[in-house]
Amino acid sequence: MSSSSLTARVLQLNSRLRGGGTDTQCLALAQGLSQLGWTVEIAGPIDSPLSPENQGFAFHPLPRFRPWQILALAGVLRRTKPRILHAHHGDDYWTALLASRLVEPRPLVVFSRHLAKSPRSSISRKHLFANVDAVLAVSSFVSQVLLHGHDDPASPIPERHHRGSCHISPKKLQVIHTGIDTSLFRPMGAAYTLQARQKFSLHPNDLVFGMIGGFDLPVGKGQRIFLKAAQIVMRRLPHARFLIAGSGTMEDLLRDDIRHLGLEDRARLVGQQPDPLLLHHALDCLVHPQIATEAFPSVVLEAHACGRPVIASELDGIPEAWAIGGLGQLVRPGDPSALAQSMIAISENSPLTSEEQFAAHSRVASQASLPVQAQRVADFYRRLMAR
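Throughout what follows, the structure given in this document is the object of discussion. (Residues numbered from 1 in each chain as written. Predicted model: local features only at pLDDT ≥ 70, side-chain atom pairs only at ≥ 80, totals over all residues. Heavy atoms only, no water.)

1. Quick notes on the packing of aromatic side chains
When we look at a pair of aromatic rings, we describe it by the centre distance and by the angle of the planes. Going through the model one piece at a time under the given rule, you end up with seven aromatic pairs. Pairing tryptophan 38 with tyrosine 381 gives two aromatic rings, centres 5.4 Å apart and planes at 65°, and the pair type is edge-to-face. Taken together, the residues tryptophan 38 in the loop between helix H1 (21-35) and strand E2 (39-45) and tyrosine 381 in helix H14 (residues 370-386) connect sequence positions 343 residues apart. For tryptophan 38, a relative accessible area of 3% puts it in the buried group. Consider the rings of phenylalanine 226 and phenylalanine 242, whose centres lie 6.0 Å apart with planes at 75°: the pair is edge-to-face. Placement of the pair is phenylalanine 226 in helix H7 (residues 223-236) and phenylalanine 242 in strand E11 (residues 240-245), with a sequence separation of 16 residues. Of the residues examined, phenylalanine 226 reaches a relative accessible area of 0% and is grouped as buried. For phenylalanine 242, a relative accessible area of 0% gives the class buried. (Phe/Tyr/Trp six-rings, centres within 6.5 Å; stacked < 30°, edge-to-face > 60°. Helix = DSSP H or I, 4+ residues; strand = E, 2+ residues; numbered from the N terminus. Buried < 20%, exposed > 50% of the residue type's maximum accessible area, 1.4 Å probe, protein only.)

Next comes the structure, spelled out in structure tokens:
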């Protein structure tokens, strides 16, 4: 069998499976690898809200208590004998590493790093990545944090002040961007956009800016910056409207901001949306004013794949995601005035043509689609097994 066609058994470890971005990526990768001929099984919590079995994968339930989880995972490894054990959450790294040491033959252990942060524990920073077989970083910035750390002492966000480096060989690190479903996220035309506007009670001539993402305390994805910018924009653009989609612990605070900033008739919280495609097409422009850490925002890829411009913070891994589609503008993080100026500038541009929208979709599809991600991970697995 040629190296390009070599496949093996892979066990994906995910102790959450609650539906967040990392969980969605884990299941999408499993699906993509399976379509390429790999045998993929998943180990996760016994009470998982997401059931991999419903997607056709063998599922191995694990207890929540960590020591029992390690022993249970070792038992799964003995029975299934996977060639690759791939852990997706930081909480799963030690579990995967220790369980793999309890069995023979030992699987190759791979970590996916979805966070632009260093592990809190100095023990983990010193030993965790030094003992794993390989690490997949979702962006070059994440790779940089692991290898060299990152300092931003002037940031108002404490977690940005210092991110320490980890003991890891550069040879173990591979950057593979996360992918999105570009068969779903694509330009849909004027009629679909009108339908989307009607769903959110928007006028066809409204200029709609929107944010998509969770907004847990203390800062969410920068929703309060967005609302401060909206107050400036509405003075210049009376037909501008502002949507915030998502959920989180900042909801009452954001509603207070909307009242205090005089945005009651302009800005709305629309909750968690079950149809992200419809939501993207209701917007003229996605705004992503992150001020905390950010590894590689899939929502930026989704908007670009739908042919929507994106105004986003020039911070962490965001420019990597933004550069793939390349529509819109990057702005200084944490500055409502700069953000507002970019939003006003977007309104002065001619609407994107269908050719421009489909060109952006093609760029995303060729560089950050789910099949592209799965193929890159499969190729990475093969290189790892051949060492």
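2. Here we look at the environment of threonine 39
One can find threonine 39 in strand E2. Looking at threonine 39, the relative accessible area reads 36%, which means it is partly exposed. In the structure, threonine 39 is positioned 28 residues away from leucine 11 in sequence and 8.5 Å away in space, judged by C-alpha atoms.

3. Let's talk about the sheet that holds strand E12 (residues 267-271)
Pairing in this open sheet of six strands is parallel, and the strands run E12-E11-E10-E13-E14-E15 from one edge to the other. One side of each edge strand has no neighbouring strand; the edge strands of this open sheet are E12 and strand E15 (328-331). Ignoring which end each strand starts from, the neighbouring axes of this sheet average 20° apart. The sheet strands contacting helix H10 (residues 298-305) are strand E10 (207-212), strand E13 (285-288) and strand E14 (310-313), and the helix crosses E13 at an angle near 170°. Together, E13, E14 and E15 form the strand contacts of helix H11 (residues 318-325), whose direction differs from that of E15 by roughly 165°. (Pairing = 2+ DSSP bridges. Axes fitted to C-alpha atoms, helices over the stretch in contact; angles between N-to-C directions. Contact = heavy atoms within 4.5 Å.)

4. Examining the sheet that holds strand E6 (residues 134-137)
Across the sheet, which stays open at both edges, the seven strands sit in the order E3-E2-E1-E4-E5-E6-E9 with parallel pairing between neighbours. Two strands lie at the open edges of the sheet, namely strand E3 (58-62) and strand E9 (173-175), each paired on one side alone. Taken over all neighbouring pairs, the strand axes of this sheet differ in orientation by 25° on average, direction set aside. When strand E1 (residues 9-13) meets strand E4 (residues 84-87), the two strands line up parallel, connected through four bridges. For valine 10, the partnering residue across the bridge sits in E4 and is isoleucine 84. In the packing of helix H5 (residues 140-148) onto the sheet, the strands contacted are strand E5 (108-113), E6 and E9, and the crossing angle to E9 comes to about 160°.

5. Looking at the nonpolar core
It is characteristic of soluble globular proteins that their nonpolar side chains tend to be buried jointly. Leu13, Leu73, Leu85, Phe111, Phe129, Val135 and Leu301 are the most contacted members of the largest nonpolar core, which totals 66 residues. If we ignore the near neighbours within four places in the chain, the residues touching leucine 301 are Thr178, Ile180, Phe296, Ala321, Ile324, Val364 and Ala368. If you look at the next biggest cluster of nonpolar residues, it comprises 35 residues, including Ile225, Ala229, Leu269 and Val331. (Core = buried A, V, L, I, M, F, W, Y, C linked by side-chain atoms within 4.5 Å.)

6. Comments concerning the packing of helix H2 (residues 66-80) against helix H3 (residues 93-100)
Between H2 and H3, the shortest axis-to-axis distance is 9 Å and the interhelical angle comes to 50°. It follows that H2 is oblique to H3 by the angle criterion. Regarding H2 and H3, the two cross each other, and that crossing is right-handed. Taking contact as the criterion, the partners of Arg66, Gln69, Ile70, Leu73, Ala74 and Leu77 in H2 are, on H3, Thr95, Ala96, Leu98, Ala99 and Ser100. A per-class count over the contact of H2 with H3 returns seven nonpolar, three polar and one charged. (Parallel < 35°, antiparallel > 145°, perpendicular 65-115°, else oblique. Left-handed = near helix turned anticlockwise from the far one by under 90°. Nonpolar A, V, L, I, M, F, W, Y, C, P; charged D, E, K, R; others polar.)

7. Observations concerning the layout of surface pockets
For the second largest pocket, the calculated volume is near 580 Å³. Elements that contribute at least two residues to the lining of the second largest pocket include exactly helix H6 (190-199), helix H12 (336-348) and helix H13 (354-368). Looking at the lining of the second largest pocket, its residues break down into 10 nonpolar, 11 polar and three charged. (1 Å grid on protein atoms, 1.4 Å probe; cavity = no way out; pocket = protein on both sides within 12 Å on 5 of 7 lines; lining within 4 Å. Points joined across faces, edges and corners; volume = space filled by probe spheres on them.)

8. Some thoughts on empty space enclosed by the protein
Scanning the model with the defined rule gives two cavities of 30 Å³ or more in all. Taken as a whole, the largest cavity spans an internal volume of roughly 100 Å³. Forming the walls of the largest cavity are Gln25, Leu29, His86, His88, Ser112, His114, Leu136, Val138, Ile176, Thr178, Gln373 and Val377. Of all elements in the fold, only H1 and H14 reach the threshold of two or more residues within the lining of the largest cavity. Broken down by class, the residue content of the lining of the largest cavity amounts to five nonpolar, seven polar and no charged. Approximately 40 Å³ is the volume found for the second largest cavity. Ile225, Pro289, Ser313, Val331, Arg332, Pro333, Gly334, Asp335 and Leu339 together form the lining of the second largest cavity. In terms of residue class, the lining of the second largest cavity is made up of five nonpolar, two polar and two charged.

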